[in-house]
Amino acid sequence: MIPAIEKDSLEEIKIFQEQKLAELLHYISQNSPFYKRLFAGRNIDISKVKTLEDLQYLPVTTKEDLQECNDDFVCVPQHKIIDYASTSGTLGDPVTFGLTDSDLDRLAYNEAISFACAGIAEGDVVQLMTTIDRKFMAGLAYFLGLRKLKVGVIRVGAGIPELQWDSILKYKPSYLITVPSFLLKLIEYAEIHGIDYNNSSIKGAICIGESLRNQDFSMNILSQKITEKWNIKLFSTYASTEMSTAFTECEHGIGGHHHPELIIVEVLDENNIPVKNGEVGELTFTTLGIEAMPLLRFKTGDIVQLHNEPCACGRNTLRVGPVIGRKKQMIKYKGTTLYPPAMNDVLSGFDNIENHIIEISTNDLGTDEILIKIAVKNQSSEFLQEIKDHFRAKLRVTPKIEFASKETLNPLVFNPMSRKPIRFFDFRVQ
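As the structure is a computational prediction, the values presented were derived from the model and not from experiment. Each chain carries its own residue numbering, running from 1 in the written order of its sequence. Given that this is a predicted model, residues contribute local features only at a pLDDT of at least 70 and side-chain atom pairs are listed and counted only at 80 or more, while totals for whole chains, interfaces and linings are drawn from all residues. The basis for every side-chain value is the complete set of heavy atoms in the structure, and neither hydrogens nor water enter the calculation.

**With respect to the UniProt feature "domain: AMP-dependent synthetase/ligase" (unreviewed entry) in the chain**
Filter applied, for reference: UniProt positions are given in the numbering used here, feature names are shortened, and annotations may be inferred rather than shown by experiment. Secondary structure is summarised from DSSP: a helix means a run of H or I of at least four residues, a strand means a run of E of at least two, and numbering begins at the N terminus for each.
Mapped onto the present numbering, the UniProt feature "domain: AMP-dependent synthetase/ligase" (unreviewed entry) falls on residues 149-285. Strand forms 28% of residues 149-285 and helix 24%; the C-alpha atoms that close the span are 26 Å apart.

Next up, the structure:
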């Protein structure tokens, strides 16, 4: 199930997107209070925007814009809103997104072609191990997409390894949709309770919320630890509520494929200028085909690299590489630039570590300070030194590390109000 546009030439894809961009600009100039005000205030003539390259002459939209003017982005009367979703609020106040009937159809289409990219097909059964309530767009999107693919869905929800295994053994799903670190808990439970997980029905897992790969697409420590024990295929995804679109890996595992019929993608530098091909920058997108809350040049805060080499799966679309980090979570430490994912990856290599958090604060000199708190099975000064040596070897710096109890860290990491594990706490003076 590869949409024809994704197998077209790059020139044909560009022409298609430029036509859709013109339609979007006309739509938001007529229906969006926010963009109407923006275009008028800056004397922007949208008729002059003819090509994708012309996008750089238009202003960007930020998370702060969405937080401060949430209702002004809505382009339809309230009675047309069928579903209310909200962002997770990881980097600020949550933002509410309304979806019309048409938007829900678009969401289902996006997930159907994304799951098909990972090899899920009609006749499969999939275990959904994420919440579908609490205004979580992704959980609803997964269900709608699988339904569109005519795939069986087991809505178990998050957590509780015993319940997950009861369901796997009873209904025999072929794929799981889950946070990848939870797969380690499933393996641990299976080993304790004598479940032969390598002879289970599971062929693969669509992994959300945590990275699986290094920048060269090799498996990171987390995915290595999973696949060394469990012979299943892991698929990485990248998505957000704001874009209502997903970038999912195919079987070749070299980046999340772009759906050009749904979204225009840019990677921008500090001055909101597109970076050169292959360079790193902030992922910025323009949504296509959204009725209730379309967005123009929305800056995600995620630092990524795009890849344009042909993929053996037959798609000619660009691919988004693993997220290097979030712009607001960038840390300057002893002359080195760090992002939390790199530190998480170092800590994932130690089986003795049961849980961890990373705290960033501002010291008396006004520079960034890092404190990592770890809960371990066996405490020792030798183990602490081993971790510090590993940090120095991998990241060239050694942050402050201290032991903490599992009882202290678990409620922070697995906050019941959050949809995903929280390991990064930013206490810096802004």
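The structure having been displayed, the exposition proceeds.
**Notes on the layout of surface pockets**
Note the following rule: Both cavities and pockets are sets of points on a 1 Å grid over the protein atoms alone; in a cavity a 1.4 Å probe fits but cannot get out, in a pocket the set is open with protein on both sides within 12 Å along at least five of seven lines, and lining residues sit with an atom within 4 Å of a point. Grid points are joined across faces, edges and corners, and a volume is the space filled by probe spheres set on the points. Under the grouping applied here, Gly and all other residues not named as nonpolar or charged are polar, the nonpolar ones being Ala, Val, Leu, Ile, Met, Phe, Trp, Tyr, Cys and Pro and the charged ones Asp, Glu, Lys and Arg.
Its boundaries defined by the atoms lining it, the second largest pocket holds a volume of some 720 Å³. Lining the second largest pocket are 24 residues, and of these L52, V265, L306, N308 and L318 lie nearest its centre. Considering only residue class, the lining of the second largest pocket consists of eleven nonpolar, eight polar and five charged.

**A short note on the nonpolar core**
Generally speaking, nonpolar side chains in soluble globular proteins are found buried as a group. Counted only if it meets this: To form a nonpolar core, buried Ala, Val, Leu, Ile, Met, Phe, Trp, Tyr and Cys residues must be joined to one another through side-chain atoms within 4.5 Å. Only protein chains enter the calculation, and the probe is 1.4 Å; a residue is then buried if its accessible area is under 20% of its type maximum, exposed if over 50%, and partly exposed in between. It only takes one pair of heavy atoms within 4.5 Å for two residues to be counted as in contact.
L25, Y35, L66, F73, L283, L295 and L296 are the most contacted members of the largest nonpolar core, which has 45 residues in total. Aside from chain neighbours lying at most four places away, what touches F73 is S32, F34, Y35, T61, D65, L66, A292, M293, P294 and L295. Of all hydrophobic cores here, the second largest spans 22 residues; its members include I331, F350, I353 and L395.

**Digging into the domain arrangement of the chain**
Quick reminder of the rule: Residue ranges assigned to each domain were obtained from an automatic or database domain assignment. Summed over both partners, the accessible area (1.4 Å probe) lost when two parts come together is defined as the buried area.
For the chain, the assigned domains are domain 1 (1-324) and domain 2 (330-427). A separation of 28 Å is found between the C-alpha centroids of domain 1 and domain 2. If you look at the interface, domain 1 gives 17 residues, while domain 2 gives 14 residues. Together, R134, I221 and I324 form the three largest contributors to the area buried by domain 1 at its contact with domain 2, with a combined 37%.

**Quick word on the packing of helix α4 (residues 101-117) against helix α5 (residues 137-148)**
The test is simple: Throughout, an axis means a line fitted to C-alpha atoms (over the contacting stretch in the case of helices), and angles, computed between N-to-C directions, take values from 0 to 180 degrees. Angle categories are assigned with fixed cut-offs, so that under 35 degrees is roughly parallel, over 145 is roughly antiparallel, 65 to 115 is roughly perpendicular, and the rest are oblique.
It is at 7 Å that the axes of α4 and α5 come closest, and there the two elements cross at 70 degrees. In terms of their interaxial angle, α4 and α5 are classed as roughly perpendicular. Contacts between α4 and α5 involve L104, L107, A108, Y109, E111, A112 and F115 on the former and, on the latter, M137, L140, A141, Y142, L144, G145, L146 and K148.

**Quick word on the pairing of strand β5 (residues 175-178)**
Keep this limit in mind: When DSSP finds two or more bridges between two strands, those strands count as paired. A crossover counts as right-handed when, viewed with the strands pointing away from the observer, the path leading from the first strand over the helix to the second turns clockwise.
Burial of β5 is two-sided: the residues Y175 and I177 facing one way and the residues L176 and T178 facing the other way are all buried. Summarising the sheet, β5 and strand β6 (residues 204-207) pair through four bridges and their orientation is parallel. Pairing of I177 across the sheet is with I206, part of β6. With helix α7 (residues 180-192) bridging β5 and its parallel neighbour β6, the resulting β-α-β unit is right-handed.

**Some thoughts on unusual backbone geometry**
The backbone of K172 sits at a positive phi, close to 55 degrees, despite the residue not being glycine. You can see K172 is positioned in the loop between α6 (161-171) and β5. Taking the relative accessible area as the measure of exposure, K172 reaches 54% and is therefore exposed.

**Considerations on the environment of L66**
If you trace the backbone, L66 turns up in helix α3 (residues 63-68). Put simply, L66 and S181 are 115 residues apart on the chain and 31 Å apart in space, counted from C-alpha to C-alpha. Leave out the neighbours within four places in its chain, and L66 touches F73, V95, F97, E242, M293, L295 and F298.

**Focus: the pattern of salt bridges**
For clarity, the threshold we go by: Whenever Lys or Arg places a side-chain nitrogen within 4 Å of a carboxyl oxygen from Asp or Glu, that contact is recorded as a salt bridge.
Across all of its chains, the model carries 23 salt bridges by this definition. Where K14 meets E18, a salt bridge forms, and the shortest distance between an N and an O atom there is 2.4 Å. Here the residue K14 and the residue E18 both occupy positions in helix α1 (residues 10-31), the gap between them amounting to four residues, near one helical turn. Put simply, R37 and D72 hold a salt bridge, and the shortest N to O gap is 3.2 Å. Taken together, the positions of R37 in helix α2 (residues 33-41) and D72 in the loop between α3 and β1 (83-86) put the pair 35 residues apart, joining distant regions of the chain.

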